[in-house]
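As a plain string of letters, each chain reads:
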Amino acid sequence: MKGNATRPATGFRAGLVDMYSAATPQAGKLRAAHLSAVVRLTPETMLANIASAGLILWTFSPDISWELLLWFAGILTVCLFALRSWRRSLGRQFTQASPGTIHKATWHAIVLGSVWAFIPVFWFPGASDSQQLTIATLLTGMIGAGGFVLNPLPLASVAYVTVFSASALAALWRSGNPAYSGVAALVSVYAPLVTLAALTAWRKSMALINAESQSQQQEQTISVLLSDFEQNAGDALWETDAAGRLVHISPKLCELLQVGEDKVAGNTWMSILLPIDATGAVALSQALASGKPFKDLQIYFKSPSGNRHIQLNGKALQNDEGTFSGWRGVVSDVTERVQSTNLLRQLAHTDSLTGLTNRFKLREFLTEKVAGKHPLALLSIDLDRFKAINDRHGHSVGDDVLRLIAQRLRQQLGPQTMIARLGGDEFAVVLVEPGDIQQAPTLGRRVVHLLQEPLDLSVRRLTVGGSVGLTISHGEAVTLDELMVQADIALYAAKDAGRGQCVAYTPELGAVNQRRATLEHGLRQALHKQELQLYWQPKVDLTTWKIVGAETLMRWRHPVLGWISPGEFIPIAEQSGMIAALGSWALLEACRMHSSALAGLKVSVNVSSMQLRDESFLSVLQDAMDEFQVNPGQLELELTESVFLESADHALAMLHAIRKTGVKLAMDDFGTGYSSLSYLRSFPFDTLKIDRAFVIELVEKKDAEAVVHMITGLAQTLGMRTVCEGVETPQQLEAIQRAGCDEVQGYIVAKPMPLQEFVVFRESWDKAKSTGLR
């Protein structure tokens, strides 16, 4: 109900009821507006009434009766009373008017009309023709003029016209002249038309006043909303005139621009922005000159409170004639948004651990340089044995190592050099200055030496080391991926060269890598295509000269490249993650052969350190023995000392688990590793295989025989058997016999051979031994 009280009436009758009886503020405003429209014409209308009354006196002069003078006094009294009320209202603004005030105005119109009615009713019938003409003309004009002037007060207008019309009809009737019948008819028609016109004008006036009132309310609402918007939001409105001078000045606008109101009022955007952001001022000037709407125009400037970023939107204004009248828009404070965006961009392009550039930013930087054919040098850096640090000391220590390495690289290479962490323990450096590119190989070696320096952490001192791969582009056509692959190829070559090296990319290295990629691709299909084979090499007991075991060796015949050395494809299998599948196949095949063609022999299978790190290896081993009912004591796994490099504790735990199954364990290539004796103390192997490097030197160097003798003595003390591999000559055979070795393996006995040849060889060996030929 409260909402309906302020809704303007729309029907004619409802409008009248609203105006003459409603007590709502809206109705009061309507009454005040209509009353003001009539009151402001009071001097003119009252003077017109007095002048008209004077004209009546002049018409009847010189025979002016005292009754006519009395009538004139009545007219003068009513008019003076109205003028007195008008005088009192001067300086007052009508905003509200009560229904009583409107009713008083209606009664005033009735009284005025009634006083005028005496003239046609009492003086018209006896007047002369000229006097009647004057009275008729005057009354006709007053009906039309009065009805029109009083139309803002519809009841007053209707009452005024009705009184005048009724008095005119009465005068015509009293005159008794039949000729006036037509005049009476015209009055009967024209008076309602005047009334209807007055009411129509009132309705239009009411509609206009209602529209203006609603417009004012909307403007007030918008003003309140805009004021609240500017006070509580980070935005401000701006507006200029046709000359570009700011005309809408608010405290919020001055706050955003960090200037006083006197610096803004009457000035153009160019004069305000030019001292703080010349680039932004020029951009805004161009946008304004185009005459088209614009948005998201950025302005950046420094203020005492810090760096500020504001954003302008605007569109051109036109007046009612369609002529350009200025601009209007919004100024937004986007400082926090820009800072957040910059922070997100920095986080997206920065390694969170070290603060260096990350892989994505590096690729973006390199893409730009490659596209522009800029000369550059790219160094790919990889830390050595970093995983061992993580495993032994924990990831927090590993993180400290990476942060310290990053700090050293920054100190060594300078803040202007692009240094990135690619992930894990991999880093990259990009050199773009001509002098730096020329010194890139020297710089790479300096990085290697830098990485070899001990790292002083809070609780320990560690040495990491690293390898560097280098590639240089002199602006030739090369893709980003080709550039990074070249650096990686050089890095792999540095690692293959023994780590702690800086190797530059060459086309020859590229050819090697291409072959490697070809082999890796072919190796993934080799098992399915049955390209892999197992070869067998016998082991002979030096005391009984009997074949007591056989080592299985994997061979691969590539359909295009032919036979591929295990020394070439096994490292590829390890690095590509295929070694587990190849090792499982070899183990399964060895168990199958042991249950048939190789029954009675101890079968040795090489196991990679990566296989031991696989938690499923133990179940694979057990399943293979169960499937072919292999005696665990007749199966031997050969391991190198590299199994202890990555995670010694995990390796020892796995070896103990294998030992519990009854499977024998042999340490291969003994004597060439890192800390063989310490591992022998931690885990007693069943067999030590002496590396062929010692065997080669047995004949040439006496100290070599002494070393072999020491190893065999150590093995005997620990209850282990020894096998010398790679024995090729009788002299070497005699030397290992003198050194006390238990078994021999090498070309002096037989080369590795396919299973069928091995079976035939074994039969001939046993036959020759039984006949005394061996």
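Since this is a predicted model, take the numbers as computed values, not measurements.

Basis of the calculations
Residues numbered from 1 in each chain as written. Predicted model: local features only at pLDDT ≥ 70, side-chain atom pairs only at ≥ 80, totals over all residues. Heavy atoms only, no water. Salt bridge = Lys/Arg side-chain N within 4 Å of Asp/Glu carboxyl O. Helix = DSSP H or I, 4+ residues; strand = E, 2+ residues; numbered from the N terminus. Buried < 20%, exposed > 50% of the residue type's maximum accessible area, 1.4 Å probe, protein only. Core = buried A, V, L, I, M, F, W, Y, C linked by side-chain atoms within 4.5 Å. Axes fitted to C-alpha atoms, helices over the stretch in contact; angles between N-to-C directions. Parallel < 35°, antiparallel > 145°, perpendicular 65-115°, else oblique. Contact = heavy atoms within 4.5 Å. Nonpolar A, V, L, I, M, F, W, Y, C, P; charged D, E, K, R; others polar. Pairing = 2+ DSSP bridges. Polar contact = N/O pair within 3.5 Å; in protein donor to acceptor, adjacent residues only side chain to side chain. Arc of directions from axis to C-beta. Phe/Tyr/Trp six-rings, centres within 6.5 Å; stacked < 30°, edge-to-face > 60°. Lys NZ or Arg CZ within 6 Å of the ring centre and 35° of its normal. pLDDT = per-residue confidence, 0-100. Expected span 1.5 Å × (residues − 1).

Turning to the pattern of salt bridges, a few remarks are in order. The full count for this structure, using the stated rule, is 24 salt bridges. For arginine 721, the salt bridge goes to aspartate 541, with nearest N and O atoms at 3.2 Å. Here the residue arginine 721 occupies a position in strand β19 (residues 721-725), and aspartate 541 occupies one in strand β12 (residues 532-541), the gap between them amounting to 180 residues. A relative accessible area of 30% places arginine 721 in the partly exposed class. Overlapping salt bridges bring together Lys539, Glu551, Glu636, Glu638, Lys689 and Glu725 as one network.

Take the nonpolar core next. Of all hydrophobic cores here, the largest spans 77 residues; its most connected members are Trp536, Leu637 and Phe685. Of the residues forming this core, the biggest block, seven residues, is contributed by helix α23 (residues 579-594). Formed by 50 residues, the second largest nonpolar core is a distinct cluster that contains Ala109, Trp116, Phe164 and Tyr180.

Here the focus is the packing of helix α4 (residues 42-60) against helix α5 (residues 66-89). Close contact between α4 and α5 brings their axes to 9 Å; oriented N to C, the two are set at 170°. Here α4 is positioned roughly antiparallel relative to α5, judged by the angle of their axes. Across from Thr42, Pro43, Met46, Asn49, Ile50, Ala53, Gly54, Ile56, Leu57 and Phe60 in α4, the residues of α5 making contact are Leu68, Leu69, Trp71, Phe72, Ile75, Leu76, Cys79, Ala82, Leu83 and Trp86. Residues of the contact of α4 with α5, tallied by class, amount to 17 nonpolar, three polar and no charged.

What follows deals with the sheet that holds strand β11 (residues 502-504). Sheet architecture is open: five strands sit in the order β6-β7-β5-β10-β11, paired in mixed fashion. Pairing within the sheet leaves two strands with one partner each, and these edge strands are β6 (418-423) and β11. Averaged over all pairs of adjacent strands, the angle between strand axes in this sheet comes to 20°, irrespective of strand direction.

This brings us to unusual backbone geometry. Across the junction of serine 61 and proline 62, the peptide omega takes the value 5°, indicating a cis bond. Tracing the chain through its elements places proline 62 in the loop between α4 and α5. Despite not being glycine, arginine 499 shows a phi value in the positive range, around 65°. Inspection of the secondary structure assignment puts arginine 499 in the loop between α20 (480-496) and β11.

Let us look at the sheet that holds strand β3 (residues 306-318). Reading across from one edge, β1-β4-β3-β2 is the order of the four strands in this open sheet, with antiparallel pairing throughout. Each edge of the open sheet is held by one strand with a lone partner, namely β1 (235-240) and β2 (294-303). Put simply, the sheet's adjacent strands are angled 25° from each other on average, direction ignored. In terms of strand pairing, β2 meets β3 through eight bridges, oriented antiparallel.

Attention shifts here to the side chain of serine 604. Its place among the elements puts serine 604 in strand β15 (residues 602-606). With relative accessibility at 1%, the residue serine 604 sits in the buried group. Here lysine 539 takes part through its side chain, which lies 2.7 Å from a polar atom of the side chain of serine 604. A polar side-chain atom of serine 604 sits 2.8 Å from a polar atom in the side chain of glutamate 636. With sequence-adjacent residues up to four places away left out, serine 604 is seen in contact with Lys539, Ala550, Glu551, Thr552, Glu636 and Glu638.

Every buried residue of helix α22 (residues 566-576) is listed here: Phe569, Ile572, Ala573 and Ser576. For α22, the angular spread of buried residues about the axis comes to 100°, placing them on one side. The exposed residues of α22 that point more than 90 degrees off its buried face are Gly567 and Gln575. The inward-facing, buried residues of α22 contact α21 (507-526), β13 (547-558), β14 (562-564) and α23. Where α22 starts, the residue carrying a side-chain oxygen 3.1 Å from the main-chain nitrogen of glycine 567 turns out to be serine 565.

Summed over the entire model, instances satisfying the criterion amount to nine aromatic pairs. With a centroid separation of 5.8 Å and 35° between ring planes, the pair formed by tryptophan 545 and tryptophan 765 is classed as tilted. Placement of the pair is tryptophan 545 in the loop between β12 and β13 and tryptophan 765 in helix α32 (residues 755-770), with a sequence separation of 220 residues. Given the relative accessible area of 1%, tryptophan 765 is considered buried. Clustering of aromatic rings is evident, with ring pairs tying together Phe294, Phe324 and Trp327. The lysine or arginine in question, arginine 516, covers the ring of tyrosine 492, its NZ or CZ lying 5.9 Å from the ring centre.

Looking at the element boundaries, serine 167 is found in helix α8 (residues 154-175). Residue class for serine 167 comes out buried when judged on its relative accessible area of 4%.

What follows deals with the environment of glycine 435. Examined against the element boundaries, glycine 435 turns out to sit in helix α18 (residues 434-438). Residues glycine 435 and histidine 558 lie 123 residues apart in sequence; the distance between their C-alpha atoms is 46 Å.

Below, the discussion takes up the environment of leucine 312. Along the polypeptide, leucine 312 turns up in strand β3. When the C-alpha atoms of leucine 312 and leucine 297 are compared, they prove to be 5.1 Å apart, with 15 residues separating the residues in sequence. The residues touching leucine 312, leaving out its near neighbours within four places in the chain, are Trp269, Leu284, Phe294, Lys295, Asp296, Leu297, Ile299, Val330 and Val331.

With 91% of its residues at a pLDDT of at least 70, the protein chain reaches an overall mean of 83. Note that residues 1-9 has pLDDT below 50 and, in this model, 10 contacts with residues that lie over four places away or in other chains.

Turning to helix α7 (residues 129-149), a few remarks are in order. Given a rise of 1.5 Å per residue, 21 residues ought to cover 30 Å, and the 30 Å separating the end C-alpha atoms of α7 matches this to within 8%. Buried within α7 we find Gln131, Gln132, Ile135, Leu138, Leu139, Met142, Ile143, Gly146 and Gly147. Projected down its long axis, α7 carries its buried residues within an arc of 145°, all on one side. More than 90 degrees from the buried face of α7, the exposed residues found are Asp129, Leu133, Thr137, Thr140 and Phe148.

Let us look at the pairing of β1. Burial analysis of β1 places five of its six residues in the buried class, the great majority of the element. With six bridges joining them, β1 and strand β4 (residues 324-333) adopt antiparallel strand pairing. Residue glutamate 239 lies in a different strand from β4, and its bridge partner there is arginine 328.

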